[in-house]
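Topology and contacts: notes
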Amino acid sequence: MSRDCQHQLHKADGALRISAVIPTYNEEDVIYWAIQYLVSQDIHVHVLDNESTDMTPQIVGDFPPSRVSLSSFHTGGEFDEQRQGESIQAVFSDLEARSDWLIKSDADEFLEAPFLGMSLRQGIEIADLSGFNCIGARGFAFFPMSDEAPHLPGDDVRKCYDRFKIWDKVDRWTPDIHPECNELWKVNVFKCRAGVFYLDPHRVSPLANMVLFPHLFALSLAFVQPEAKLLQMAKT
């Protein structure tokens, strides 16, 4: 099931080499579009799977190995955030030598540049040219409502829900977070070999080396409710 990340990231015409790491567990209903969104922008994706029992590994395997790599970590069937974090750090360490920027994403997330008509890649390129080494995002959480048809497995979740809530960390802030990040949901994009290192989806270290891009990217995440899926299937 494993295709490790010992790949060569291509760099055409001086373009930035950007890699994204997506941890997964039973994400067959959403993972295709999350990967396709990044691959379509020439961003390499590494999927870090936590013993999925559904079709997640097979869906990942349908993408070309040069564009999408896959490895697994094991937690004995239990969610272990510390083990997941250590596994992400290990993949980042491997990718860093062959990447210019790294992204930590989730299977139900879509990160967008803050400028109208600009791709994610173009937004990262502007941050790079401007001398910044970290990019933060404000979270927009989309929830299914009773008058909306629920997301069905395999559909592009971005086309399903229209209502969202802005997420931030005002109520759960800790002093080791960068002081400029009060309105951020995540600091999940950072430059390689720039003196900053991934700690978890919300923190990089050390703070003294962090040069945060002043324009917040938009992070859309969708809550796909199993109950909604079952209801829709029962009606069809």
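1. Things to note about the environment of His74
Mapped onto the elements of the fold, His74 is located in the loop between strand 3 (68–72) and helix 3 (81–96). Separated by 13 residues in sequence, His74 and Ser87 place their C-alpha atoms 9.5 Å apart. If near-sequence neighbours (up to four positions away) are discounted, His74 is found in contact with Asn50, Glu51 and Arg83. For His74, the side chain forms a polar contact with the side chain of Glu51, separated by 3.2 Å.

2. Things to note about the packing of aromatic side chains
One pass over the structure, following the stated rule, counts seven aromatic pairs. Plain terms: the ring middles of Tyr32 and Trp33 are 5.1 Å apart, the flat faces sit at 85° to each other, and that makes the pair edge-to-face. Residue Tyr32 is classed as partly exposed on the basis of its relative accessible area, which comes to 37%. Taking the relative accessible area as the measure of exposure, Trp33 reaches 27% and is therefore partly exposed. Aromatic ring contacts, followed pair by pair, group Phe115, Phe132, Phe213 and Phe217 into a single cluster.

3. Examining unusual backbone geometry
For Asp42, which is not glycine, the phi dihedral falls at a positive 60°. By secondary structure assignment, the location of Asp42 is in the loop between helix 1 (31–39) and strand 2 (44–49). A residue is classified by how much of its surface remains accessible, and Asp42, at 27% relative accessible area, is partly exposed. We note that Glu51 has phi near 55°; this positive angle belongs to a residue other than glycine. By the secondary structure assignment, Glu51 is in the loop between strand 2 and helix 2 (56–61).

4. Description of helix 3
Taking 1.5 Å of rise per residue, 16 residues should cover 22 Å, and helix 3 covers 22 Å from first to last C-alpha, within 8% of that figure. Those residues of helix 3 not exposed but buried are Gln84, Gly85, Ser87, Ile88, Val91, Phe92, Asp94, Leu95 and Glu96.

5. Re the confidence of the model for the chain
Model confidence for the chain is summarised by a mean pLDDT of 79, while 72% of its residues fall at 70 or above. Across the chain, element-level confidence peaks in helix 4 (residues 120–129) with a mean pLDDT of 97 and bottoms out in helix 5 (residues 226–235) with 44. Here residues 170–175 is a poorly scored stretch, pLDDT under 50, and it has six contacts once near neighbours within four places are set aside; other chains count. Overall, residues 226–236 carries pLDDT values under 50, and its contacts beyond four positions in sequence, including any with other chains, amount to 11 contacts.

6. Thoughts on the nonpolar core
Membership of the largest hydrophobic core comes to 38 residues, with the highest contact counts inside it found for Ile35, Leu120, Ile124 and Phe217. When neighbours within four sequence positions are excluded, Phe217 is seen to be in contact with Leu111, Glu112, Ala113, Pro114, Leu120, Gly123, Ile124, Ile135, Gly136, Ala137 and Arg138. Judged by nonpolar contacts, the second largest core, of 17 residues, contains Leu102, Val187, Phe190 and Met210.

7. Looking at the pattern of salt bridges
Under the defined criterion, the tally for this structure stands at seven salt bridges. The partner of Asp100 in a salt bridge is Arg17, and the shortest N-O contact between them spans 3.5 Å. With a gap of 83 residues between them, Asp100 in the loop between helix 3 and strand 4 (101–104) and Arg17 in the segment before strand 1 (18–24) connect regions that are remote in the sequence. Here Asp128 ties to Lys191 by a salt bridge, and the two come within 3.1 Å at their closest N and O atoms. One end of the pair, Asp128, is in helix 4; the other, Lys191, is in strand 8 (residues 186–191), and 63 residues separate them in sequence. One continuous salt-bridge network, built from bridges that share partners, spans Arg17, Asp100 and Arg193.

About the criteria used
Residues numbered from 1 in each chain as written. Predicted model: local features only at pLDDT ≥ 70, side-chain atom pairs only at ≥ 80, totals over all residues. Heavy atoms only, no water. Helix = DSSP H or I, 4+ residues; strand = E, 2+ residues; numbered from the N terminus. Contact = heavy atoms within 4.5 Å. Polar contact = N/O pair within 3.5 Å; in protein donor to acceptor, adjacent residues only side chain to side chain. Phe/Tyr/Trp six-rings, centres within 6.5 Å; stacked < 30°, edge-to-face > 60°. Buried < 20%, exposed > 50% of the residue type's maximum accessible area, 1.4 Å probe, protein only. Expected span 1.5 Å × (residues − 1). pLDDT = per-residue confidence, 0-100. Core = buried A, V, L, I, M, F, W, Y, C linked by side-chain atoms within 4.5 Å. Salt bridge = Lys/Arg side-chain N within 4 Å of Asp/Glu carboxyl O.

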